[in-house]
Amino acid sequence: MEIGERILVVDDNDVIRIAVSKMLSRLGYEVSSADSGENGLRIFLKNQFDIVFSDYEMPGMDGVAFACSIKKSFPRTRVVIMTGAGKDTVFSRKSTAVDDVISKPFTLAEIDETIQNLSGKALCA
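In this text, all values refer to a predicted model and were calculated from it rather than measured experimentally.

What counts, and at which threshold
Residues numbered from 1 in each chain as written. Predicted model: local features only at pLDDT ≥ 70, side-chain atom pairs only at ≥ 80, totals over all residues. Heavy atoms only, no water. Core = buried A, V, L, I, M, F, W, Y, C linked by side-chain atoms within 4.5 Å. Buried < 20%, exposed > 50% of the residue type's maximum accessible area, 1.4 Å probe, protein only. Helix = DSSP H or I, 4+ residues; strand = E, 2+ residues; numbered from the N terminus. Pairing = 2+ DSSP bridges. Axes fitted to C-alpha atoms, helices over the stretch in contact; angles between N-to-C directions. Contact = heavy atoms within 4.5 Å.

(A) Region of interest: the nonpolar core. If you look at the biggest cluster of nonpolar residues, it comprises 20 residues, and the most contacted ones within it are L8, V52, F66, I81, V90 and V98. Tallying contributions element by element places helix 3 (residues 63-73) first for this core, with 4 residues. In this structure, V20, L24, I102 and F106 belong to the second largest nonpolar core, which totals 14 residues.

Now the structure itself:
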């Protein structure tokens, strides 16, 4: 983990948003959260984050539209889509705004591995 790595979690489901935020905090990250793509974008633009975890299916702005909005201004921000729909569904939209997809339900270890892969660091065996 890089020192000062800031993560934004965006999910309209309170239980998932809180659980993911707690998992990331336990891994030592500075975490903020939002309950919609629109609110997430507002928070992101005020604070800027290194990584964003966003739900795929949300009312209004979905996860891929949210990712595209972020990447327009901050192309180096890494965006992970969380979905129960399956990775193929997300990647079928051919969006270069999405850096990775993690399938629900996922574990703390899977979140950590996803972040390490985004950071280009190998996990310790």
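(B) Spotlight on the environment of G84. Note that G84 resides in the loop between strand 4 (78-83) and helix 4 (87-91). Separated by 19 residues in sequence, G84 and S103 place their C-alpha atoms 5.6 Å apart.

(C) Main features of unusual backbone geometry. That bond from K104 to P105 is cis: its omega, -5°, falls within 30 degrees of zero. Secondary-structure assignment places P105 in the loop between strand 5 (100-103) and helix 5 (108-119). Phi is positive for Q48, close to 55°, though the residue is something other than glycine. Tracing the backbone through its elements, the reader meets Q48 in the loop between helix 2 (37-47) and strand 3 (51-55).

(D) Representation of the sheet that holds strand 5 in the model. In spatial order, the strands read 2-1-3-4-5; together these 5 strands make up an open sheet with parallel pairing. Two strands in the sheet have a free side with no partner beyond their single neighbour: strand 2 (30-34) and strand 5. Adjacent strand axes in the sheet meet at a mean angle of 20°, parallel and antiparallel pairs treated alike. Lying over the sheet, helix 2 contacts strand 1 (6-10), strand 2 and strand 3, oriented at roughly 165° with respect to strand 1.

Geometry only, nothing functional implied.
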